[in-house]
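Results of the structural survey
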Amino acid sequence: MEKSGRLEADSNGSVATKEQAVDSDALAQQTYKQLPDEDVNWQARNSTSDENSKATSMGKPNGTDVELDDGAQERMLKDDVKTSVLPSKDTSEVKFISENGDAKIDIEIVKQSLSGMGKAELMKYANDPFWIKLRWFLFIAFWLLWAAMLAGAIAIIVMAPKCTPPTPKKWYEENPIIKLDPSDANPSNLEGLKAILVSFQKNIKAVSLHSVLKESAPGHIVDFRDLKIGSIEEFQKFVQLAKSNEQNIILDIDPNHSSDQHEWFKKSIEREEPYISYYIWSDGKKSPNSDILLPPNNWMSINGGSAWTFNEKRQQFYLHQFNSSQPDFNFHNSTVINEFSEIFKHWINLGVKGFRIANARHLVEDKNLTDDSTGLEYPAESASHHSLLHVHTIDHSDNAHVLRIWREVVKNHTNGEGLFTMSDEVQQIWLQTNNRPTAIDIPQTADFFYNIDPTVSAVALNKSITEILAIKEAPWPGLDLSGKAVPLKKRIAAGVAESLILMTMLLPVTPIIKYHDIRSNNTAFTTLLETRKNSAFLFGDTKTDVLNNGTVFVYTRLKSGNPGYLVAYNSAQQNTTVDISTVPYMSNEVNIVAYSHPSDDVLYSTKKLMSKNVPMSPKSTLVVTFVPNSQA
């Protein structure tokens, strides 16, 4: 091919004229593409408009017509030129474009296009042993790796340290216990008690029935499996009504003694088996100066006088720590312990969910009947209960053993949900002995409220409550606000009693309250029943304090991520304004939850207070909630 008929594309895509030399190697690397037929026959299409045209200029570089060699033109327009693929270089593509009757050259860089192997080529390797083994190796390796990752994920989940969720509270911890006596009802029978259950409207969840067992006189039980207020069938309906209202019935039982009219005692006098040693019998001592028999030791009854009474028929003394008509059971006899285990099962089968044991401190006495030491009072009143220390008759170490047996019976027959506790103060040593579990639930660790009076100071409240909460062996104690016999509202002014009751409602304790003390069932009490369900109450920390120069007792309940609660009791006789902003984590503004005096409606009408200025009326309780600040 002649140089005059060649065009050259330099590295920048420019086109050389025919006068320029064309390097044969560079031309060899160019790729020419055949134009479509419509472009090849452009001369024929234009011949009608220009018959004299013999040739068409392929380009006009530098304004000069260039005539291409016929052979070169033929090859550029008609020949298929295959791409020469060089591994290290891109290939070029030359396009001839017609524009206004002129031909232009467009050179583009064309990337090498690689295509995969076809099916026929692939089939050549399908049955090759090497590729078969490789495929199986990769298949197995994939699933092994997948299994290993799954096992690793499971191991991480199982072995990773977990945040232990708090133990859910029992129903008798979440709710106060209301003591209900037949005398509270009108009529004083199961029908009257049913009406009271209905009046609770599902707000009260735990009801303790007091003095309902069959007796010959108050406190003189003649049958521990029967009732004095109705039939067993009526009682089952009563329990079913309570269950439908999501209420749990608790039974108060005094297993320390029975009536002297009980069949067991009568048979014991007759020395009839197995009742011979159901009670504590002992021969007397002869008087040195006469033939008169003396009691076996110096033990004194709580009511005064000797704790022993001589029975003529049996010709022995029997023990009674209370009245002579209330003989004490012998709990050194395992058969007697088992009798009461069966009694508990009997009532559980009828739907009872728990028991409060009275006089449990007196259950077991010294087996050797050792004389008690002289009391600390001087001069001691002769033949009085206070004249002796009673180390051999009260709080015997074996009491806890007996109670543990009964508690296990109750738990086993209520799927662990039953309540077993005392209605008296319990000694700390009972709560846990030799790493064994506590003998009772919600132990009452102080009798502070038994003797409380309207003049109680904020300092005294703080001291008593702090001591109760500090006993590690009793993390959730019971707090009897009414005493054994007289309701709180009958001992002190009703307004003060209600304030003290509300003050205890958010402590981490179970308040035990007589029905008479909550009979009004005011809005504040009902509100705090619902508040006890909050996490801050159930699982929160408790901090106590005394403000306003010792006149205002306060405590907070705080749990991270929950609103905080503050309870304040003003022990002063006059109105006061208390600054609670100094309490840890306190916010600037608080919201009122409840207050004890209905007359304070005007005082708290805004429902919001500034924590620096909280007004309180005399002998009143105020409960507020707040958003703990950043210190929490």
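Anyway, here's the lowdown on the structure attached to this text.

1. Digging into the overall build of the chain
- Regarding its fold elements, the chain presents 18 helices and 24 strands.
- Residues counted as buried form 45% of the 632 residues belonging to the chain.
- Within the chain, counting contacts between residues at least 6 apart in sequence, those at least 24 apart form 66% of the total.
- Carbon together with sulfur atoms contributes 52% to the accessible area of the chain, which is approximately 33,300 Å² in total.

2. What about the sheet that holds strand E24 (residues 620–626)?
- Taken together, the six strands give an open sheet; going across it, the order is E17-E18-E19-E24-E21-E22, and neighbouring strands pair in antiparallel fashion. For this open sheet the edge positions go to strand E17 (541–547) and strand E22 (608–610), each flanked by a neighbour on one side alone. Going across the sheet, the axis of each strand differs from the next one's by a mean of 30°, ignoring polarity.
- Two elements, strand E21 (residues 589–595) and E24, share four bridges in a ladder whose sense is antiparallel. Along E24, the bridge assignment pairs Ile592 with Val624.
- Against the sheet, helix H17 (residues 523–531) engages strand E19 (564–570), E21 and E24, with an angle of about 120° to E21.

3. Brief notes about helix H16 (residues 494–504)
- Summarising burial for H16: nine of the eleven residues are buried, a large majority.
- Along H16, the residues classified as buried are Val496, Ala497, Glu498, Ser499, Leu500, Ile501, Leu502, Met503 and Thr504.

4. With respect to the side chain of Arg557
- Mapped onto the elements, Arg557 comes out in strand E18 (residues 552–558).
- Asp541 provides the closest opposite charge to the buried, salt-bridge-free Arg557, at an N-O distance of 7.2 Å.
- One polar contact links the side chain of Arg557 to the main-chain carbonyl oxygen of Gly540, over a distance of 3.1 Å.
- Apart from residues no more than four positions distant in its own chain, Arg557 is found in contact with Leu506, Leu507, Pro508, Ala536, Phe537, Gly540, Asp541, Thr542, Pro563, Gly564 and Tyr565.

5. Section: the pairing of strand E12 (residues 316–319)
- Going residue by residue along E12, you find Gln316 and Tyr318 tucked away on one face and Phe317 and Leu319 tucked away on the opposite face as well.
- The pairing of strand E8 (residues 281–282) with E12 spans two bridges and is classified as antiparallel. Bridging across to E12, Ser282 finds its partner in Phe317.
- Relative to E12, strand E11 (residues 308–311) runs antiparallel, the two being bridged by four bridges. Bridge pairing in E12 links Asn311 to Gln316.
- Counting the residues that bridge the hairpin from E11 to E12 gives four residues, and of these Gln315 lies at a positive phi of roughly 65°.

6. Notes on the packing of aromatic side chains
- Taken as a whole and assessed by the stated rule, the structure comprises 34 aromatic pairs.
- Each ring, one from Trp264 and one from Tyr278, has its centre 5.5 Å from the other, and the planes form 80°; the classification is edge-to-face. A residue pair is termed long-range when its members are at least 10 positions apart, and Trp264 in helix H10 (residues 263–269) and Tyr278 in the loop between H10 and E8 qualify at 14 residues.
- Residue Tyr278 is classed as buried on the basis of its relative accessible area, which comes to 1%.
- Ring centres 5.2 Å apart and planes at 75° place the aromatic pair Phe265 and Tyr318 in the edge-to-face group. Note that Phe265 is positioned in helix H10 and Tyr318 in strand E12, a separation of 53 residues in sequence.
- What makes Tyr318 buried here is its relative accessible area of 6%.

Rules behind the numbers
Residues numbered from 1 in each chain as written. Predicted model: local features only at pLDDT ≥ 70, side-chain atom pairs only at ≥ 80, totals over all residues. Heavy atoms only, no water. Helix = DSSP H or I, 4+ residues; strand = E, 2+ residues; numbered from the N terminus. Buried < 20%, exposed > 50% of the residue type's maximum accessible area, 1.4 Å probe, protein only. Contact = heavy atoms within 4.5 Å. Areas by Shrake-Rupley, 256 points an atom, 1.4 Å probe, with all protein chains shown as cover. Pairing = 2+ DSSP bridges. Axes fitted to C-alpha atoms, helices over the stretch in contact; angles between N-to-C directions. Lys, Arg positive; Asp, Glu negative; His and termini not counted. Salt bridge = Lys/Arg side-chain N within 4 Å of Asp/Glu carboxyl O. Polar contact = N/O pair within 3.5 Å; in protein donor to acceptor, adjacent residues only side chain to side chain. Phe/Tyr/Trp six-rings, centres within 6.5 Å; stacked < 30°, edge-to-face > 60°.

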